[in-house]
2 protein chains.
Amino acid sequence: MQHRTRRAGRTGRPPRLAREAILSAAQRILDEEGAENLSMRRLAKEMSSTPMALYHYVRDKDELLLLLLEEHAAKFPRPELPAEPRARLLAAAQVLHDILVDCPWIVEVLASDDLFAVSAMWIVESILDAAIESGMTPEDAVYAYRVIWYYTAGELTVRFNRERRLAHLDRPPHRDQITGLDPGEFPLITSLGPRWNELTVRDTHRRGLEAVVEGLLAQAT
Amino acid sequence: MQHRTRRAGRTGRPPRLAREAILSAAQRILDEEGAENLSMRRLAKEMSSTPMALYHYVRDKDELLLLLLEEHAAKFPRPELPAEPRARLLAAAQVLHDILVDCPWIVEVLASDDLFAVSAMWIVESILDAAIESGMTPEDAVYAYRVIWYYTAGELTVRFNRERRLAHLDRPPHRDQITGLDPGEFPLITSLGPRWNELTVRDTHRRGLEAVVEGLLAQAT
DNA sequence: ACCTGAACACCGTTCAAGT
DNA sequence: ACCTGAACACCGTTCAAGT
């Protein structure tokens, strides 16, 4: 399928096209079968090819995931950010989350400190810019970006792992967290009882982000 | 080795002892060969046994990792926390990080929202208590704990992945993040140049934690 | 240049059988 | 009760060979 448009050129090869075919096949697996089912072997099968054929287009699995992120970020509509620096800092940090919240597989690629796709670099630039305009030095702006990134990465990791856990809840947890805890030693946790699980499942990303940004700005002045 | 002290009891089995032997063998692998080399098969080999013998003492690999965390947390000295609630909130959150910073393998077990080992539950209890004494409702205290946990989990994930990357830097990164970026589009990032990597490697956990806690407390009043 | 087949060096886990 | 051996159903990646 990938050499459909083979031409008569001197060294015929449509690598760009093949790469795109690989990426959309990978995206199809991601959408239909979930991140945990995307493997080089599964992907090769999806394309009626062999695993090693893929290595002609991507260096390794990590690069494949990075390219998928790149594509996803490029597709994402680039919203207009508020002019006011503090609001812009918050808005840019929110976009960072918005882009990644649809990529449960990035947990696997969360390797880098600075991540990531050039298609998403404009967000980092926006955060730095907004932080500097809020009165920070460039050094502190980088620091602020990193704190925001840690919060975002942590929220996404926990979020995706919870979703994955709920998806196949075949087996009960190793230990029921709350039940069976000694109320004498843990009066607050045990007093919450089932409320704990309920509170723990709420989407508080935005509110937490506001606290983080607020704390960073307070520190800078 | 694990049935060294077999007794004459009615149904002789020293499961507690065997479990401990398994855990210390696992810890030995972790220390000497790193988290990425701990597998059920490697662990069985370390004990001159078969992989399946282990499944008599732990349900699966996840439980093994949880038990290792449990042991590590239990060993950790429990520091005295400040009486002043706001300082206690920060101190408890710092201990959460201190305990986990020596466990690069928790990245694999970062599954739960609320994590984790009962041996470390006193920290969660302390955070909730300090948050409430700082004027939060119990609900907001849980929310505050979660924000702190996200920041901590993110910081640790990025930290460990960077360490792992530096450990075997056999291959260069897929793309040099900064070099090759268009200065017209990303003036701030490119202007930092090599400073970016330098800033990105700094340990800013504590400072960031202070910002996060500060932001949470500001939100609560 | 592009692709294949076989192999290397692994995984976690299940199952049936042994003692 | 505790352990083994073989097997299932996978991984990512290398290598030598094909066209």
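Quantities reported herein were computed from a predicted structural model and do not represent experimental measurements. (Residues numbered from 1 in each chain as written. Chains lettered and ligands numbered in written order. Predicted model: local features only at pLDDT ≥ 70, side-chain atom pairs only at ≥ 80, totals over all residues. Heavy atoms only, no water.)

**As for the interface of chain B and chain A**
On the chain A side, the residues contacting the 71 residues of chain B number 71 residues. Counting the surface lost from both chain B and chain A, the interface buries some 6100 Å², and carbon and sulfur atoms represent 62% of this. Between Asp140(B) and Arg207(A) there is a salt bridge; the shortest N-O distance is 3.1 Å. At the boundary of chain B with chain A, the tally comes to 22 residue pairs in polar contact (both at pLDDT 80 or more). Only α4 (61-75), α6 (121-133), α7 (138-167), α8 (187-192), α9 (194-201) and α10 (205-220) of chain B provide two or more residues apiece to the side of chain B that touches chain A. Among the elements that take part in the side of chain B that touches chain A, α7(B) stands out by supplying 19 residues, more than any other. (Contact = heavy atoms within 4.5 Å. Buried area = accessible area lost by both parts, 1.4 Å probe. Salt bridge = Lys/Arg side-chain N within 4 Å of Asp/Glu carboxyl O. Polar contact = N/O pair within 3.5 Å; in protein donor to acceptor, adjacent residues only side chain to side chain. Helix = DSSP H or I, 4+ residues; strand = E, 2+ residues; numbered from the N terminus.)

**Regarding unusual backbone geometry**
Of note, the phi angle at Ser48(A) is positive, near 50 degrees, even though the residue is not glycine. Relative to the assigned elements, Ser48(A) resides in the loop between α2 (40-46) and α3 (51-54).

**Examining the packing of helix α5 (residues 85-100) of chain B against α7(B)**
All names here are of chain B. One way to put it is that α5 packs onto α7 with a least axis distance of 11 Å and a crossing angle of 30 degrees. With respect to α7, the element α5 is oriented roughly parallel. Along this stretch, α5 crosses α7, giving a crossing that reads as right-handed. Of the residues in α7, those touching α5 at Leu89, Ala93, Leu96, His97 and Leu100 are Ile148, Trp149, Thr152, Glu155, Leu156, Arg159 and Phe160. Tallied by class, residues from the contact of α5 with α7 come to eight nonpolar, two polar and two charged. (Axes fitted to C-alpha atoms, helices over the stretch in contact; angles between N-to-C directions. Parallel < 35°, antiparallel > 145°, perpendicular 65-115°, else oblique. Left-handed = near helix turned anticlockwise from the far one by under 90°. Nonpolar A, V, L, I, M, F, W, Y, C, P; charged D, E, K, R; others polar.)

**Quick word on the side chain of Ser126(A)**
When you line up the elements, Ser126(A) lands in helix α6 (residues 121-133). When residues no more than four places from it in sequence are discounted, the contact partners of Ser126(A) are Leu81(A) and Ala92(A).

**Structural notes on the nonpolar core**
Core analysis: the biggest nonpolar cluster contains 147 residues, and Leu43(A), Ile106(A), Ile148(A), Ile106(B) and Ile148(B) have the highest contact counts within it. For Leu43(A), the residues in contact, after removing those within four places along its chain, are Ile22(A), Ala25(A), Ala26(A), Ile29(A), Leu38(A), Leu54(A) and Leu64(A). (Core = buried A, V, L, I, M, F, W, Y, C linked by side-chain atoms within 4.5 Å. Buried < 20%, exposed > 50% of the residue type's maximum accessible area, 1.4 Å probe, protein only.)

**Digging into the relation of the copies chain B and chain A**
Between chain B and chain A, which share one sequence, the superposing operator has a rotation angle of 180 degrees and an axial displacement of 0.0 Å; the RMSD is 0.0 Å. Here the copies are linked by what is in effect a two-fold axis. Residue by residue, 100% of the interface of chain B is reproduced at the interface of chain A, so both copies engage with the same surface. (Least-squares fit on C-alpha atoms with pLDDT ≥ 70 in both.)

**Digging into the domain arrangement of chain A**
Residue and element names in this part refer to chain A. Along its sequence, chain A is carved into domain 1 (19-73) and domain 2 (85-171 + 211-220). A straight line from the C-alpha centre of domain 1 to that of domain 2 covers 25 Å. In this complex, domain 1 contributes twelve residues to the contact, which on the side of domain 2 involves 14 residues. Around 1200 Å² of area is buried between domain 1 and domain 2 when both sides are counted, 72% of it from carbon and sulfur atoms. Remark: the boundary between domain 1 and domain 2 carries zero salt bridges. If you look at where domain 1 meets domain 2, you find two residue pairs in polar contact (both at pLDDT 80 or more). Tallying contributions element by element places helix α4 (residues 61-75) first for the side of domain 1 that touches domain 2, with nine residues. (Domains from an automatic or database assignment.)

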